[in-house]
Amino acid sequence: MANARVEWVYNAGSAWAPLDQYTQVSIEALWSRNAASWIQSCPSFGGASVFIDTTRLILMWSGYAYTIARRYPCQQRRGHR
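Counting starts from 1 at the beginning of each chain's written sequence and moves along it residue by residue. For a predicted model such as this one, the threshold for reporting local features is a pLDDT of at least 70, and the threshold for listing and counting side-chain atom pairs is 80 or more; totals across whole chains, interfaces and linings nevertheless cover every residue. Hydrogens and water are ignored here; the side-chain numbers use all heavy atoms of the structure.

**Section: the overall build of the chain**
- From N to C terminus, the chain includes one helix and six strands.
- What counts as a helix is a DSSP run of H or I of at least four residues, what counts as a strand is a run of E of at least two, and both are numbered from the N terminus. In sequence order, the chain lays out its α and β elements as β-β-α-β-β-β-β.
- Looking at the chain as a whole, 32% of its 81 residues qualify as buried.
- Contacts were defined at the residue level, with two residues in contact if any of their heavy atoms lie within 4.5 Å. Counting only contacts in the chain whose residues sit at least 6 apart along the sequence, the fraction spanning at least 24 positions is 35%. When accessible area is computed with a 1.4 Å probe and restricted to protein chains, residues below 20% of their type maximum are described as buried, those above 50% as exposed, and intermediate ones as partly exposed.

**As for the nonpolar core**
- In this text, buried Ala, Val, Leu, Ile, Met, Phe, Trp, Tyr and Cys residues form a nonpolar core when linked through side-chain atoms within 4.5 Å. Within the largest apolar cluster, 15 residues are counted, with the highest numbers of intra-cluster contacts made by Y10, L19, F45, V50, I52 and L59.
- Among the elements of the structure, β1 (7-12), α1 (21-32), β3 (36-42), β4 (48-53) and β6 (64-71) are those that each provide at least two residues to this core.
- For L59, the contacting residues outside a window of four places in its chain are L19, F45, V50, F51, I52, Y64, A65, Y66 and I68.

**Considerations on the pairing of strand β2 (residues 15-18)**
- Two strands are counted as paired when DSSP detects at least two bridges linking them. Examined bridge by bridge, β1 and β2 share four bridges and lie antiparallel to one another. Residue V9 lies in a different strand from β2, and its bridge partner there is P18.
- If you look at the hairpin formed by β1 and β2, you'll find two residues sitting between the two strands, and G13 has a positive phi there, around 75°.

**Focus: the side chain of D20**
- Among the structural elements, D20 can be located in the loop between β2 and α1.
- Counted charges follow a simple rule, with Lys and Arg positive, Asp and Glu negative, and His plus the chain ends left uncounted. Take a side-chain nitrogen of Lys or Arg and a carboxyl oxygen of Asp or Glu: if they are within 4 Å of each other, that pair is a salt bridge. The buried charged residue D20 lacks any salt bridge partner; its closest oppositely charged side chain belongs to R71, at an N-O distance of 14 Å.
- Any N or O atom pair separated by 3.5 Å or less is treated as a polar contact, with the protein-specific requirement of one donor-capable and one acceptor-capable atom, and with residues adjacent in sequence counted only for side-chain atom pairs. Within the local environment of D20, its side chain forms a polar contact with the side chain of T23, the two groups lying 2.8 Å apart.
- Discounting chain neighbours no more than four positions away, the residues touching D20 are C42, P43 and S44.

**Regarding the sheet that holds β3**
- With respect to topology, six strands assemble into an open sheet ordered β2-β1-β6-β5-β4-β3, the strand pairing being antiparallel. The open sheet is flanked by β2 and β3, the only strands paired with a single partner. Looking at each pair of strands side by side, their axes are set apart by 35° on average, direction ignored.
- Of the pairings in the sheet, the one linking β4 to strand β5 (residues 58-61) comprises three bridges and is antiparallel in character. Paired with I52 across the two strands is L59, which belongs to β5.
- In this fold α1 packs onto β1, β2, β3, β4 and β6, with an angle of close to 170° to the strand it touches most, β3. Geometry is summarised by axes, namely lines fitted to C-alpha atoms with helices restricted to the contacting stretch, and by angles between N-to-C directions that run from 0 to 180 degrees.

**Observations concerning the side chain of Q24**
- Mapped onto the elements, Q24 comes out in helix α1.
- Once you skip the residues sitting within four places of it in the chain, Q24 turns out to touch V6, E7, W8, P18 and L19.

Structure, rendered in structure tokens:
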């Protein structure tokens, strides 16, 4: 199960885009095993299969490599502005 406090994102040009929940759970499972594998039917990429390598932190789709990152979403603390 994915850690609800982390988020997987990929580099989409000049911004980091979050991946869909299905793909996040799949990548988190690979991350926990330091593994690489294909993810079938990735909604973030139009239902296409993507290759994920958590050691190299890349997502491969249609001949392109995208950098991926595991981050903790920003949360505003109470009492701070």
